[in-house]
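Here are the chains, one letter per residue:
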Amino acid sequence: MNPLIEGIAAPLPFSNLDTDQIMPKQFLRIIDKAGLDKGLLYDLRFDEHGVARPGFVLNQDAYAGASLLVAGPNFGCGSSREHAVWGLQQFGIRAVIAPSFGEIFYFNALNNGLLLVSLPPGEVDALLARVSNTDTADAKRLVVDVMAGQIRAADGWTADFTLPERHRRMFAQGQDMVGASLAQLPEVERFEAAHWARHPWMKDVARTVRDRLDAGRE
């Protein structure tokens, strides 16, 4: 995975935008992940007749193809539906920048490779004002450098952010939690071998007990 995320950033200046709003319940009746981009922020993007709301940012030509969102605090709060993360990714969103995130949503995003960047509220407010400026095309374009921990704009504006080293490595290498765990398989195997060497009587206890019970029934 390219550790640089570059593209148009769309402003979503809402506080407490929850997962029910990000992915409404009627789009959860699926047996796979396909088609969730159609449900993303549906009640904000469309009216009760299914007609696109022209005033909503993601329906505007200036933000067509946006790959980043700049949002208000507590983004992704509410229920634990992972579909909210999948819908954002299917829509083309690769990173969300906000002052804070719902805890479950944060780890759902991490597990699926959606980058979440936390900045102080004042910096997010300034960034929202910047990307809301549709008079200058470059104002809406940002680069998120995962390895450097920095957000950059074309005019030289920057903001620094931190990520735990494990999370940074996962994004840089395109890994989910399973992939990150499998990368440590040699260490796991070494620990396992040392553990059984120290405690050989504990190995296969369940199988040994079951074999004895089966033998007693004969």
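Residues numbered from 1 in each chain as written. Predicted model: local features only at pLDDT ≥ 70, side-chain atom pairs only at ≥ 80, totals over all residues. Heavy atoms only, no water.

The name that an unreviewed UniProt entry assigns to the protein is 3-isopropylmalate dehydratase, with the source organism given as Achromobacter pestifer. Looking at the Sequence similarities (unreviewed entry) heading of the UniProt record, one finds this comment for the protein: "Belongs to the LeuD family. LeuD type 1 subfamily." UniProt, in the comment section headed Catalytic activity (unreviewed entry), describes the protein in these words: "(2R,3S)-3-isopropylmalate = (2S)-2-isopropylmalate". (UniProt positions renumbered as here; feature names shortened; annotations may be inferred.)

K.L.:
I'm lost on the side chain of arginine 45 in this one. Help?
P.N.:
Secondary-structure assignment places arginine 45 in helix α2 (residues 42-45). An unpaired buried charge is present at arginine 45: no salt bridge exists, and aspartate 37, the closest side chain of opposite charge, is 6.9 Å distant. (Helix = DSSP H or I, 4+ residues; strand = E, 2+ residues; numbered from the N terminus. Buried < 20%, exposed > 50% of the residue type's maximum accessible area, 1.4 Å probe, protein only. Lys, Arg positive; Asp, Glu negative; His and termini not counted. Salt bridge = Lys/Arg side-chain N within 4 Å of Asp/Glu carboxyl O.)

K.L.:
Just to check I follow, could you spell out helix α5 (residues 121-131) for this structure?
P.N.:
Residues separated by three or four positions in an α-helix point in the same direction, a consequence of the helix having 3.6 residues per turn. Every buried residue of α5 is listed here: Val124, Leu127, Leu128, Arg130 and Val131. Relative to the axis of α5, the buried residues are bounded by an arc of 160 degrees and lie together on one face. Residues of α5 that are exposed and point more than 90 degrees away from the buried face comprise Pro121, Asp125 and Ala129. Those residues of α5 that are buried lie in contact with β1 (4-12), β2 (68-71), β3 (95-98), β5 (141-145) and β6 (150-153). (Arc of directions from axis to C-beta. Contact = heavy atoms within 4.5 Å.)

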